[in-house]
Amino acid sequence: MTPSPVATVPDERTSARRGGRTGGDAPIGTSRTSGYVFVGLYVVLLLLFGIAPTAYAIYLALTKVGGGFAWGSNFARAYDDFRFLPAFEHVGEYLAIWMIAEATLILVLALMLHSLARRTSAAFRFLFYMPGALAGAASVLVWLFMLDPTLSPWHLLLSGMGFSQIDLVLLPTHLPFIFAIMAFWTGAGGWIVVMYGALNNIPDELLEAARLDGANAFQSALRIKLPLIKKWVVYMLILSFAGGTQLFVEPQLVGQATAGLVSNTWSPNQLAYYIAFINDNFNEAAAISVSLLVLGLAGAALLVWRTKLFEIS
Amino acid sequence: MKEKESTNTRRRRARWLRPMRLVAAFACLAGVSFTGAGIGSLGAGASSKPTLTIWYDTARKPMLQAYIKAHPDVHVVAVLKDGDSNGDGTYQSAFALYNRVGHGWPDVYFSEQNNDAASLSQPPFNDAAVLNKGLVSKSILGKFAHGSAGLCTIGGKVYCLRNDLAMNVLWYNPALMAQDGITSVPTTWQQWAADGAMAAAHGDIIGTQGDSWDADTFYWGNQCPLSHVTSPGVITIKPTSTNCTEMASLLDGVPRTALPVAYMFSSTFGSQYGGKIVFYEGAAWMGGVFPGLGSCKSTNPDCTMAAGYPLTWGSGGPGVTGAIGGGLWFVSSHSKHLKLATAAVVWFATNSTAQSKLSPGYPAYGPDDAAYVATQQASGNYATPLSGAPTLAQAFNKAANEIWAGWSAVPYANDQIWASDVVPTLASGGTQAAGLGIFAGDAGNLARSDGFQVHS
């Protein structure tokens, strides 16, 4: 028998029963109230820090600096800015590198972890997750040391690649790769753990059946495990795309730490920041932010639609 | 039973948590107080005193401490800032927000960024107060070095006082010159470039290129019109001018080993080049801070720098030079204590002790120059000038009056453009000539986006 290429993750209640969870005995009324409390808290925060700023950004993007409806003039001026297209090109290159790396390396590592003995796997999961503790500004500092050939523990490797000083490492053509490496280094560990969790949700019976049918580890991973965690991969890509288009901290800090080697308008979010705070034009900056939002939503919608993410089977 | 235990545990935890929360709350308050007041605690203590909020950078801390000590009647809230250096836009970001909410402005602020007067005095920021229309007397303004108000003056209005001039001079190391067989201090760019081969043969350097100061050193110093505001709203950015192209050709002809692509304040400059700098056309404040001279001094006690006249283009060429940095003192037009804030700014920029002993740069206020030079000479940081070469005082005084006024302050940061757009070209083996074109293109775009009419 050939294993079915399409399978579904059993629902939570089935898994819970299999795991012998005792908490399922709680009265339904209590659990429903707790659910509302948790969701309520989230909704309040979402309204305050998600919906309200978004609405304000849309309002700013559609109005003039001194007040009055601006139609599309803020958008037109932003799109006409000589830094607009290069900024999107930079982030496009960065996203392509980062997302391909995520979709391949994270899955490969998660699948490898899943095939290891539990204790070994736990040690590796901890190792992979460690860099995640140094997210954002801290990771930039670490990478500034790692990438400076005169300071880096990998200086032999960097020198062998022809990089004798940091100016050569931070050439404009290298920047998308460098920021993708930083993002992967800090973000991959968390996603590996998430994917590992998703893989653990696959019933042992299913994998056992595949093994009995003659599927080797590679076939089992490709035909059973990957289709079953597809939705998690799509979820990861949606978040990465939305987060990646908003790249800011890494180019901004690397630029400041190297006396300006990276332009302060390298990414669209930096450009929006520059226009808002250096040119004091919040309306045009808001137009760029809204454009990023639309881009993120469009990317998410495309992935949701193409992968039927929200379909319940 | 379980529930009882858990209640007891919660009580015990609560007993521990209460004082911990108090400690945390105090720590937070102390943190806010520390970051908010900084070193201002020296002047704190009397709420009836007028309060001045002063933004300073680390190099200005001794001056500020002296001001607080000398003015016990003023409550100073001192806030440490980055000086808005390298075109970071820290101050612009803050003022954009303060202008929106209608409060938060400092009374006095110090900036390391040369173009801040052009930026912060004009729309949309409109913060810097006009100083020469009643706030600072003509007699005080008249004692500042010739041309020092250039970067502070927009349309006849003076918006800041220069703290120091940062004019470029030719730094030279007499010990290394003797070692490399160079017998006289060059006075022209051509002689300097020719000496590059001799320095390179001994593993030494005659300067650096490929940092954000290139334009301030080489092109400003040769009257190259890359930032020349000819009338309000009109700027000339002309990289094809002979003054620009001849300098680019000269620099491209110097061996890269003698004029490497390097940044003086990078973490490794000292170890790589510290003891190898024969010449360096650079700012007056650099004399005492060249990195890595310690390693050179350990083998040669005389390994220190002396200052020569700024280089000229050809023998008998015009005596002009550029400038790298030089601080600016501003009074916020939003200050509730305009007179007191102005008095503070005047004190910082003119006080003899502050300028001669507590400030690293050459005072823009003329009467303080002699005392500053005397302090510098007594510091032991400078070499004895070679025979026939100028003294420190002569070199500084001449250079201070030769800063080319045609390099105008603009709302965007020229050094930021050079660093992000030109340095990568130079680092990957490109030429200064190519860099000039790149700079002009990007500076032109920025100038247009800031409303300038660009002539090229």
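Residues numbered from 1 in each chain as written. Chains lettered and ligands numbered in written order. Predicted model: local features only at pLDDT ≥ 70, side-chain atom pairs only at ≥ 80, totals over all residues. Heavy atoms only, no water.

A few words on the overall build of chain B. Across its full length, chain B holds 17 helices and 13 strands. In chain B, buried positions account for 53% of the 456 residues. Carbon and sulfur atoms form 57% of the exposed surface of chain B, whose accessible area is close to 18,400 Å². (Helix = DSSP H or I, 4+ residues; strand = E, 2+ residues; numbered from the N terminus. Buried < 20%, exposed > 50% of the residue type's maximum accessible area, 1.4 Å probe, protein only. Areas by Shrake-Rupley, 256 points an atom, 1.4 Å probe, with all protein chains shown as cover.)

What follows concerns the pattern of salt bridges. Overall, the coordinates contain 5 salt bridges over all chains when judged by the stated rule. For R77 of chain A, the salt bridge is made with E284 of chain A, and the minimal N-O distance between the two is 3.1 Å. Highlighted residues: R77 of chain A in helix 3 (residues 73-80) and E284 of chain A in helix 15 (residues 282-307), separated in sequence by 207 residues. Residue K398 of chain B pairs with E402 of chain B through a salt bridge whose shortest N-O separation is 2.7 Å. (Salt bridge = Lys/Arg side-chain N within 4 Å of Asp/Glu carboxyl O.)

The next subject is the interface of chain B and chain A. The interface is formed by 31 residues belonging to chain B together with 27 residues belonging to chain A. For the pair chain B and chain A, the two sides together bury roughly 2,300 Å², of which 57% comes from carbon and sulfur. Of all residues in chain B, the largest losses of buried area upon contact with chain A belong to R100, Q416 and P424 of chain B, amounting jointly to 19% of the total for that side. Connecting chain B to chain A are 0 salt bridges. For the interface between chain B and chain A, the tally reads 4 residue pairs in polar contact (both at pLDDT 80 or more). Elements that contribute at least two residues to the side of chain B that touches chain A include exactly helix 3 (90-101), helix 16 (414-427) and helix 17 (432-449) of chain B. If you tally residues by element for the side of chain B that touches chain A, the top one is helix 16 of chain B, at 6 residues. Here the residues of the side of chain B that touches chain A sort into 12 nonpolar, 15 polar and 4 charged. (Contact = heavy atoms within 4.5 Å. Buried area = accessible area lost by both parts, 1.4 Å probe. Polar contact = N/O pair within 3.5 Å; in protein donor to acceptor, adjacent residues only side chain to side chain. Nonpolar A, V, L, I, M, F, W, Y, C, P; charged D, E, K, R; others polar.)

Residues and elements named next belong to chain A. Splitting chain A by domain gives domain 1 (25-61) and domain 2 (80-307). Computed from C-alpha coordinates alone, the two centres of domain 1 and domain 2 are separated by 28 Å. Each partner contributes to the interface: domain 1 provides 5 residues, whereas domain 2 provides 6 residues. Here domain 1 meets domain 2 over a buried area of about 420 Å², counting both sides, of which 80% is carbon and sulfur. Among the residues domain 1 hides against domain 2, the three largest losses belong to A57, L60 and A61. Together they make up 76% of the total. Taken together, the connections running from domain 1 to domain 2 amount to 1 residue pair in polar contact (both at pLDDT 80 or more). Residue classes in the side of domain 1 that touches domain 2 are distributed as 4 nonpolar, 1 polar and no charged. (Domains from an automatic or database assignment.)

Between P123 of chain B and P124 of chain B the backbone carries a cis peptide bond, its omega angle lying at 5 degrees. Relative to the assigned elements, P124 of chain B resides in the loop between helix 4 (116-120) and helix 5 (138-141). Notably, D280 of chain A is not glycine yet its phi reads approximately 55 degrees, a positive angle. In this structure D280 of chain A comes out as buried when scored by relative accessible area, which is 15%.

Turning our attention to the environment of S456 of chain B. Residue and element names in this part refer to chain B. Note that S456 resides in the segment after strand 13 (453-455). The spacing of S456 and G441 is 15 residues in sequence and 9.8 Å in space, taken between C-alpha atoms. When near neighbours in sequence (up to four residues on either side) are disregarded, S456 contacts I237 and K238.

The next point concerns the packing of aromatic side chains. Two numbers describe a pair of aromatic rings. These are the distance of the centres and the angle of the planes. A full pass over the atoms with the stated rule returns 46 aromatic pairs over all chains. A ring pair is formed by Y67 of chain B and F348 of chain B, whose centres lie 5.0 Å apart and whose planes are at 40 degrees; its orientation type is tilted. With Y67 of chain B in helix 2 (residues 61-70) and F348 of chain B in helix 12 (residues 338-350), this pair connects stretches of sequence that are 281 residues apart. By relative accessible area, which is 2% here, Y67 of chain B ends up buried. Measuring from centroid to centroid gives 6.3 Å for W192 of chain B and F218 of chain B, while their planes differ by 40 degrees, and the two rings are tilted. In this pair, W192 of chain B is assigned in helix 7 (residues 189-201) and F218 of chain B in helix 8 (residues 214-219), connecting sequence segments 26 residues apart. When its relative accessible area of 1% is taken as the criterion, W192 of chain B is described as buried. Taken together through their ring pairs, the aromatic side chains of W171, Y280, F290, Y362, Y372, Y382 and F396 of chain B make up a single cluster. For the cation-ring pair, K81 of chain B lies above W55 of chain B, with the distance from its terminal atom to the ring centre recorded as 4.4 Å. When the ring centre of F282 of chain A is taken as origin, the NZ or CZ atom of R100 of chain B, which lies over that ring, is 4.1 Å away. (Phe/Tyr/Trp six-rings, centres within 6.5 Å; stacked < 30°, edge-to-face > 60°. Lys NZ or Arg CZ within 6 Å of the ring centre and 35° of its normal.)

Residue and element names in this part refer to chain B. On inspection of all chains with the given rule, the structure shows 2 disulfides over all chains. Each disulfide pairs two cysteine sulfurs, and for C152 the partner residue is C160, the sulfurs being separated by 1.9 Å. Of note, the bridge from C152 to C160 carries an S-S torsion of about -100 degrees and is left-handed in sense. Overall, C152 belongs to the buried group, its relative accessible area being 0%. Residue classification places C160 among the buried positions, given a relative accessible area of 2%. The residue that forms a disulfide with C224 is C244, at a sulfur-sulfur distance of 2.0 Å. Looking along the S-S bond of the C224-C244 disulfide, the torsion reads about 95 degrees, which is the right-handed sense. (Disulfide = S-S within 2.5 Å.)

What follows deals with the sheet that holds strand 6 (residues 161-162) of chain B. All names here are of chain B. Ordered in space as 2-1-3-12-6, the 5 strands form an open sheet in which the pairing is mixed. Sheet topology places strand 2 (75-80) and strand 6 at the edges, where each strand pairs with a single neighbour. Alignment of strand 6 against strand 12 (residues 328-331), held across 2 bridges, turns out to be antiparallel. Counted as the bridge partner of L161 is W329 from strand 12. Relative to the sheet, helix 2 contacts strand 1 (51-56) and strand 2, its axis offset from that of strand 1 by approximately 165 degrees. (Pairing = 2+ DSSP bridges. Axes fitted to C-alpha atoms, helices over the stretch in contact; angles between N-to-C directions.)

Residue and element names in this part refer to chain A. With respect to the helices and strands, the residue I229 is situated in the loop between helix 11 (217-228) and helix 12 (230-245). As a C-alpha pair, I229 and Y196 span 33 residues in sequence and 9.6 Å in three-dimensional space. I229 has contacts with L107, M195, A198 and L199, leaving out every residue within four places of it along the chain.

This part is about a positive patch on the surface. Positive charge collects at one region of the surface, where K230, K231, R306 and K308 of chain A lie side by side. For K230 of chain A, a relative accessible area of 43% gives the class partly exposed. (Patch = residues over 30% accessible without salt bridge, like charges linked within 9 Å, V, L, I, M, F, W, Y side chains within 5 Å. Lys, Arg positive; Asp, Glu negative; His and termini not counted. Charge placed at Lys NZ, Arg CZ, Asp CG, Glu CD.)

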